[in-house]
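In case you want the letters, here they are:
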Amino acid sequence: RPLLIDGYKFDLRLYVGVSAFEPLRAYVYEEGLARFSTEPYVKPDGASLHNQFVHLTNYSINKHSSRFVANTDAEQDDCGNKWSLGALRRCLVRHTNH
């Protein structure tokens, strides 16, 4: 069972810069994105297995969903189907402190 936020699957888009391979030197940017599905998660079965809006979080797919919500305000980074990584962190802290 996947980790869900408010019943929705999500994935992380992290940005890494690699400046050397031998020895490996990589830098992870502190901010990133959390991308959410547009339909609440249901356990895969015959009926839901083919609903790509439940199981996939890709922007290129979910932008075609009638439930897709674009975030147009950078100050409000915890709404819509794309959140900042900082917004996801704050949400996880709120959920784990209960």
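Check the entry above for the structure.
About the cut-offs
Residues numbered from 1 in each chain as written. Predicted model: local features only at pLDDT ≥ 70, side-chain atom pairs only at ≥ 80, totals over all residues. Heavy atoms only, no water. Helix = DSSP H or I, 4+ residues; strand = E, 2+ residues; numbered from the N terminus. Rg over C-alpha atoms; globule rule 2.2 N^0.38 Å. Buried < 20%, exposed > 50% of the residue type's maximum accessible area, 1.4 Å probe, protein only. Contact = heavy atoms within 4.5 Å. Areas by Shrake-Rupley, 256 points an atom, 1.4 Å probe, with all protein chains shown as cover. Lys, Arg positive; Asp, Glu negative; His and termini not counted. Charge placed at Lys NZ, Arg CZ, Asp CG, Glu CD. Salt bridge = Lys/Arg side-chain N within 4 Å of Asp/Glu carboxyl O.

Peer 1: Describe in detail the overall build of the protein chain, supporting the description with residues and values.
Peer 2: The helix and strand inventory of the protein chain stands at three helices and five strands. From first element to last, N terminus to C terminus, the protein chain shows the α and β order β-β-β-β-α-α-β-α. Computed over its C-alpha atoms, the radius of gyration of the protein chain comes to 16 Å, more than 25% above the 13 Å expected for a compact globule of 98 residues. In terms of overall dimensions, the protein chain has C-alpha extents of about 50 × 30 × 30 Å along its principal axes. Counting the 98 residues in the protein chain, one finds 28% classified as buried. Residue pairs at least 24 apart in sequence account for 47% of intrachain contacts in the protein chain once pairs closer than 6 positions are excluded. Carbon and sulfur atoms make up 54% of the accessible area of the protein chain, which amounts to about 7000 Å² in all. Computed over 12 positive and 11 negative side-chain charges, the inter-centroid distance for the protein chain is 5 Å.

Peer 1: Hey, could you go over the pattern of salt bridges for me, with residue numbers and the actual values?
Peer 2: Tallied over the entire structure, the rule returns three salt bridges. Across the pair Asp-77 and Arg-90 runs a salt bridge, and its minimum N-O distance is 2.6 Å. Taken together, the residues Asp-77 in the loop between helix 2 (59–62) and strand 5 (82–84) and Arg-90 in helix 3 (residues 85–96) connect sequence positions 13 residues apart.

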